[in-house]
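# What the coordinates show
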Amino acid sequence: MFRVSNRSLQPIRNRINQQCRSKSSSPLEGDAGNLATHVHHKMTTILSIVTPIYFLSPDSITTGIVDKSVGLLLAFNVSAHSWIGLNYVVTDYVPKVSKGLVGPARAVTAGIGAVTLLGLGKVALNDKGGLKGVVLGLWKKKEE
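Quick look at the structure, then. (Residues numbered from 1 in each chain as written. Predicted model: local features only at pLDDT ≥ 70, side-chain atom pairs only at ≥ 80, totals over all residues. Heavy atoms only, no water.)

### Comments concerning the environment of A124
Turning to its location among the elements, A124 is positioned in helix α4 (residues 102–125). By relative accessible area, A124 is classed as buried at 0%. Along the sequence, A124 and S69 sit 55 residues apart, while their C-alpha atoms lie 8.1 Å from each other. When neighbours within four sequence positions are excluded, A124 is seen to be in contact with K68, G71, L72, G130 and L131. (Helix = DSSP H or I, 4+ residues; strand = E, 2+ residues; numbered from the N terminus. Buried < 20%, exposed > 50% of the residue type's maximum accessible area, 1.4 Å probe, protein only. Contact = heavy atoms within 4.5 Å.)

### A short note on the packing of aromatic side chains
Summed over all chains, the structure comprises 1 aromatic pair. With centroids separated by 5.0 Å and ring planes inclined at 65°, the aromatic side chains of Y54 and F55 adopt a geometry described as edge-to-face. Y54 sits in the buried class, given a relative accessible area of 3%. Residue class for F55 comes out partly exposed when judged on its relative accessible area of 22%. (Phe/Tyr/Trp six-rings, centres within 6.5 Å; stacked < 30°, edge-to-face > 60°.)

As structure tokens, this is what we get:
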């Protein structure tokens, strides 16, 4: 059986830690470091819990300020979650095409995240039901 001891992995860990410290971190790197990973996982948890509760709760509970605040919370989480996730995609796949495209690809993912936040935020703040009204409106029959 093949075994790898912690002692034999220590030089590799040291090299990885040095490389991580020596790289200059850009604000566009949404996937850089343990903090981004933890934030990404926390956002996944928030989305998986809050979203069904919000959409399945009766309209009498989620009207007014509750609807707008939960809608903004979801808009922020969805846009930040997609931005960090797309940065993981950029880190994994774009350098295989060209290392020079990593920076522009990160700028594009930041732009996608910003447009998503602005769009979902605008929908969340509208007076016609917010995010819940828009999503539920997809399955309602048109009134003639």
